[in-house]
Amino acid sequence: MTRLALALSTVLGVGYVGFAPGTFGSAAGLLLWWLLPASTGIQLAVIVVLFAAGTWSGTVAERHFGKTDPGPVVLDEVIGMLITLLLNPVGWGGALAGFLLFRAAAIVKPLPANRLEALHGGLGVMADDAMAGVYANLALRAGVLLWHLVIG
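What counts as what
Residues numbered from 1 in each chain as written. Predicted model: local features only at pLDDT ≥ 70, side-chain atom pairs only at ≥ 80, totals over all residues. Heavy atoms only, no water. Helix = DSSP H or I, 4+ residues; strand = E, 2+ residues; numbered from the N terminus. Rg over C-alpha atoms; globule rule 2.2 N^0.38 Å. Buried < 20%, exposed > 50% of the residue type's maximum accessible area, 1.4 Å probe, protein only. Contact = heavy atoms within 4.5 Å. Areas by Shrake-Rupley, 256 points an atom, 1.4 Å probe, with all protein chains shown as cover. Lys, Arg positive; Asp, Glu negative; His and termini not counted. Charge placed at Lys NZ, Arg CZ, Asp CG, Glu CD. Salt bridge = Lys/Arg side-chain N within 4 Å of Asp/Glu carboxyl O. Axes fitted to C-alpha atoms, helices over the stretch in contact; angles between N-to-C directions. Parallel < 35°, antiparallel > 145°, perpendicular 65-115°, else oblique. Left-handed = near helix turned anticlockwise from the far one by under 90°.

Please provide a residue-by-residue account of the overall build of the protein chain, values included.
The helix and strand inventory of the protein chain stands at seven helices and zero strands. Along the protein chain, helices and strands appear, N-terminal first, in the series α-α-α-α-α-α-α. For the protein chain, whose C-alpha radius of gyration is 15 Å, the value lies close to the compact-globule estimate of 15 Å for 152 residues. With the C-alpha coordinates aligned to their principal axes, the bounding extent of the protein chain is approximately 50 × 30 × 30 Å. For the protein chain, the proportion of its 152 residues judged to be buried stands at 45%. Nonlocal contacts in the protein chain, meaning residues at least 24 apart in sequence, comprise 75% of its contacts between residues at least 6 apart. When the accessible surface of the protein chain is split by element, carbon and sulfur atoms take 74% of a total near 7800 Å². Side chains of the protein chain give 7 positive and 7 negative charges; the mean places of these two sets differ by 2 Å.

I'd like a description of the pattern of salt bridges, backed by residues and values.
All told, the structure shown has three salt bridges when counted by the stated rule. Measuring nitrogen to oxygen at the nearest pair gives 3.6 Å for the salt bridge that ties K109 to D129. Residue K109 is found in the loop between helix 5 (92–108) and helix 6 (113–116), and its partner D129 is found in helix 7 (residues 121–150); the two are separated by 20 residues along the sequence. As far as burial versus exposure is concerned, K109 and D129 are alike and both buried.

Any details on the side chain of Q43? Residues and values, ideally.
Position of Q43 among the secondary structure elements: in helix 3 (residues 40–65). Given the relative accessible area of 10%, Q43 is considered buried. If near-sequence neighbours (up to four positions away) are discounted, Q43 is found in contact with W33, L36, P37, A38 and L86.

Give a description of the environment of A139 that names residues and reports values.
Within the secondary structure layout, A139 lies in helix 7. Between the alpha carbons of A139 and A105 there is a distance of 9.9 Å; along the sequence they are 34 residues apart.

Account for the packing of helix 4 (residues 75–85) against helix 7, naming residues and giving values.
Across the interface, helix 4 lies against helix 7 with an axial gap of 7 Å and an inter-helix angle of 25°. Classified by the angle between their axes, helix 4 and helix 7 sit roughly parallel to one another. For the crossing formed where helix 4 meets helix 7, the hand is right-handed. Along its contact with helix 4, which presents L75, D76, E77, I79, G80, I83, T84 and L85, the element helix 7 presents V125, M126, D129, A130, G133, V134, A136, N137 and L140.

Rendered as C-alpha cells:
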C-alpha cells in the first residue's frame, strides 16, 4: 500500500523532479484539466475523489518521508489547479493565467490557507493548496470578467 500511496501522492513520480516539484505538479494538474471533459459534474467528481485519495496518500507519504508536507508530494498541486480552473470559461491563455495565479497563491498561502496546512496528516497537505486553488479561481474569475468588460 505504501508504494501505491507514494505513486499517487507524487503523481506517478512527477514530485521527484529535482527542482520546483510544485510547479511540475501544477503543470500535471493543467494537463489533467485539459484531458478531462468540460463537464462540471465530472470535474467535481475528480476533485473530490483525488482530494480523498490525496488525504490518504499524503498521510502515508508524510510517514514515509518523515516530515510534514514533503516536497515530492504534488497531488495537492494537481487539486489546486483543478479547483483554479473549475467553472472558469477559459481556453489555454486563461488556463496559463490560472496556472500563474495558482502558483502565486500556493507560494504565498494567504490566510486561511497557511493555517490549513497545520491540519493533521494528509488533510493538511491537501487543504492548503485546495484553498490556494479557491483564491486563484476567484482571481481568475475576476480577470475573465475584467477582460470581457474591457475587450469584449
